[in-house]
Amino acid sequence: LAFSQKEVNIWHYGYGGGLDFNSGSPVPISGGKVNTQEGCASIADKNSGQLLFYTDGITVWDRTHTTMPNGSGLTGDPSSTQSGIIVPFPNDNTKFYVFSVGAAGTGKFAYSIVDMTLNGGKGNVTTKDQQLLQNIDEKIIAAKQANNKDYWVLTSCTHNGNEKIYAYPITSAGVGTPVINNIGLKVGWYGYMKVSPDGTKLSIVSNSKHYLFDFDAATGKVSNPLDLSDAPNISYGTEFSPDNTKVYVTGLISMYQYDLCATDIKASRVKVSDIGGGM
């Protein structure tokens, strides 16, 4: 999820890893309690850039690296690609959704709510594990709606004859009824899903497959799949460039780039790294 201010200036991830971007360059930080090789998320104050809280989709830790009250046992999983993401409440700077998803197409997709006005300003989980779907992929991502105020939260179910992408509207009224996109493609359980910064493209990677879709940030509709499944050993990661002109995919060996401005996007593939490492 991309923000325009300082919400993403602090990262806690991996096995106690951390980075502070407030100086303009990444500075290593310690103390984080995350202990996972897969999905996690952090959120900072949009004005000061100071840490508010972070999560691995299972536990929510406050800025002092203490588990929030009611902040353990969420539905994420250590083996879930995008186990947890954080989404601000529209029109309320003191509350956040934590969306979490289980592993390997058998877990459930749920949300919890963090209220930062409680516990001396360190936050409490006030609503926990409100289930939305079950038996879905390990993919969740959020993007701004076209009104630049509300959000979409997207997840997918691309197995067992149920090849769909769900787009949930997040507004001041809460979590709404999803837009259900029937895509008819077996993408796979694991691997990343990302929306481009301008909200026009959706990239999904899993199990040697890579699909690029058009995304409509006004309606939540996903359409026009483009099969880019030609890069060797691609199975896990994907991301867009900040200027929306490139999309990247990774596996355990290499990273590849596609030019979204090219006449033939698939033919524009170039290897940009042999280090890769989508995990």
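Before reading further, recall that the structure is shown in the block above.
Residues numbered from 1 in each chain as written. Predicted model: local features only at pLDDT ≥ 70, side-chain atom pairs only at ≥ 80, totals over all residues. Heavy atoms only, no water.

Novice: Explanation requested: the overall build of the protein in the structure shown.
Specialist: A tally of helices and strands in the protein yields zero helices and 23 strands. A compact globule built from 279 residues should have a C-alpha radius of gyration of about 19 Å, and the protein, at 18 Å, falls within 12% of that. C-alpha extents for the protein along the principal axes are approximately 55 × 40 × 35 Å. Of all 279 residues assigned to the protein, the portion counted as buried reaches 53%. The contacts in the protein between residues at least 6 apart in sequence include a share of 46% that link residues at least 24 apart. Looking at the protein as shown, the accessible area adds up to about 11,800 Å², and 49% of this sits on carbon and sulfur atoms. In the protein, which carries 21 positive and 24 negative side-chain charges, the distance between the mean positions of the two groups comes to 2 Å. (Helix = DSSP H or I, 4+ residues; strand = E, 2+ residues; numbered from the N terminus. Rg over C-alpha atoms; globule rule 2.2 N^0.38 Å. Buried < 20%, exposed > 50% of the residue type's maximum accessible area, 1.4 Å probe, protein only. Contact = heavy atoms within 4.5 Å. Areas by Shrake-Rupley, 256 points an atom, 1.4 Å probe, with all protein chains shown as cover. Lys, Arg positive; Asp, Glu negative; His and termini not counted. Charge placed at Lys NZ, Arg CZ, Asp CG, Glu CD.)

Novice: Help me out: how do you make sense of the sheet that holds strand β2 (residues 17–20) in this one?
Specialist: Two pairing modes exist for strands in a sheet, parallel and antiparallel, and in both the strands are linked by backbone hydrogen bonds. Spatial strand order, β1-β2-β3: three strands in an open sheet with antiparallel pairing. One side of each edge strand has no neighbouring strand; the edge strands of this open sheet are β1 (10–13) and β3 (27–28). Where β1 meets β2, four bridges bridge the pair, whose relative direction is antiparallel. Along β2, the bridge assignment pairs Tyr13 with Gly17. (Pairing = 2+ DSSP bridges.)

Novice: In this structure, what is going on with the sheet that holds strand β5 (residues 51–55)? I would like to understand it.
Specialist: In spatial order, the strands read β4-β5-β6; together these three strands make up an open sheet with antiparallel pairing. Taken across any chain shown, the strands that pair with only one partner, and hence form the sheet edges, are β4 (41–44) and β6 (60–62). Ignoring which end each strand starts from, the neighbouring axes of this sheet average 15° apart. (Axes fitted to C-alpha atoms, helices over the stretch in contact; angles between N-to-C directions.)

Novice: How should the side chain of Ser83 be read in this particular structure?
Specialist: Along the chain, Ser83 turns up in the loop between β6 and β7 (84–89). A polar contact of 2.7 Å, which involves the side chain of Ser83, links it to the backbone oxygen of Asp56. In contact with Ser83, not counting residues within four places along its chain, are Gly39, Asp56, Gly57, Gly76, Asp77, Phe99, Ser100, Val101 and Ile140. (Polar contact = N/O pair within 3.5 Å; in protein donor to acceptor, adjacent residues only side chain to side chain.)

Novice: What am I meant to see in unusual backbone geometry here?
Specialist: One can expect most non-glycine residues to show negative phi and most peptide bonds to be in trans. Within the chain, Asn233 stands out as a residue other than glycine whose phi angle is a positive 60°. In this fold, Asn233 is placed in the loop between β19 (222–227) and β20 (234–240). The phi torsion at Asn244 lies on the positive side, around 70°, for a residue other than glycine. Topologically, Asn244 is positioned in the loop between β20 and β21 (246–251). For Asn244, a relative accessible area of 22% puts it in the partly exposed group.

Novice: Hey, could you run me through the packing of aromatic side chains in this one?
Specialist: The geometry of two aromatic rings is summed up by the distance between their centres and the angle between their planes. For the structure on display, the rule yields eleven aromatic pairs. Consider the rings of Phe53 and Phe96, whose centres lie 5.5 Å apart with planes at 75°: the pair is edge-to-face. Of this pair, Phe53 sits in strand β5 while Phe96 sits in strand β8 (residues 92–101); the two residues are 43 residues apart in sequence, bridging distant segments of the chain. As far as burial versus exposure is concerned, Phe53 and Phe96 are alike and both buried. (Phe/Tyr/Trp six-rings, centres within 6.5 Å; stacked < 30°, edge-to-face > 60°.)

Novice: Even after reading the chapter, I still don't get empty space enclosed by the protein, so can you show me in this structure?
Specialist: Summary: where empty space remains is shown by rolling a probe the size of a single water molecule over the atoms. Counted according to the given criterion, the structure contains one cavity of 30 Å³ or more. Approximately 30 Å³ is the volume found for the largest cavity. If you go around the largest cavity, the residues you meet are Ser208, Lys209, His210, Leu228, Ser229, Asp230, Ala231, Ile234, Val249 and Tyr258. Per-class residue counts for the lining of the largest cavity are five nonpolar, three polar and two charged. (1 Å grid on protein atoms, 1.4 Å probe; cavity = no way out; pocket = protein on both sides within 12 Å on 5 of 7 lines; lining within 4 Å. Points joined across faces, edges and corners; volume = space filled by probe spheres on them. Nonpolar A, V, L, I, M, F, W, Y, C, P; charged D, E, K, R; others polar.)

Novice: Sorry, what's going on with the pattern of salt bridges here?
Specialist: Two side chains bearing opposite charge may form a pair once their charged atoms approach each other closely. Tallied over the full model, the rule gives five salt bridges. Ionic pairing is found between Lys186 and Glu163, a salt bridge with its closest N-O pair at 2.8 Å. You can see Lys186 sitting in the loop between β15 (179–182) and β16 (193–195) and its partner Glu163 sitting in the loop between β12 (151–157) and β13 (164–171), a full 23 residues away along the chain. Salt-bridge contacts for Lys201 lead to Asp214; the nearest nitrogen and oxygen are separated by 2.6 Å. On the criterion of sequence distance, the pair formed by Lys201 in strand β17 (residues 201–206) and Asp214 in strand β18 (residues 209–215) is long-range, its members being 13 residues apart. On the accessibility criterion, Lys201 (24% relative accessible area) is partly exposed. Taking relative accessible area as the criterion, Asp214 reaches 24% and is therefore assigned partly exposed. (Salt bridge = Lys/Arg side-chain N within 4 Å of Asp/Glu carboxyl O.)

Novice: Quick question: what am I supposed to make of the pairing of β12 here?
Specialist: In summary, the side chains of a regular strand alternate between the two faces of the sheet. In terms of residue burial, β12 counts as a mostly covered element, since seven of its seven residues are buried. Alternating residues of β12 divide into Tyr151, Val153, Thr155 and Cys157 and Trp152, Leu154 and Ser156, and every residue in both groups is buried. Sheet topology note: the strand β11 (residues 140–144)/β12 ladder contains five bridges and is antiparallel. Among the inter-strand pairings, Ala143 is bridged to a residue of β12, identified as Trp152. With seven bridges connecting them, β12 and β13 associate as antiparallel partners.

Novice: Looking at this model, I keep getting lost on the environment of Gly14. Mind explaining?
Specialist: Mapped onto the elements of the fold, Gly14 is located in the loop between β1 and β2. Gly14 sits 19 residues away from Lys33 along the chain, and the two C-alpha atoms are 9.3 Å apart.

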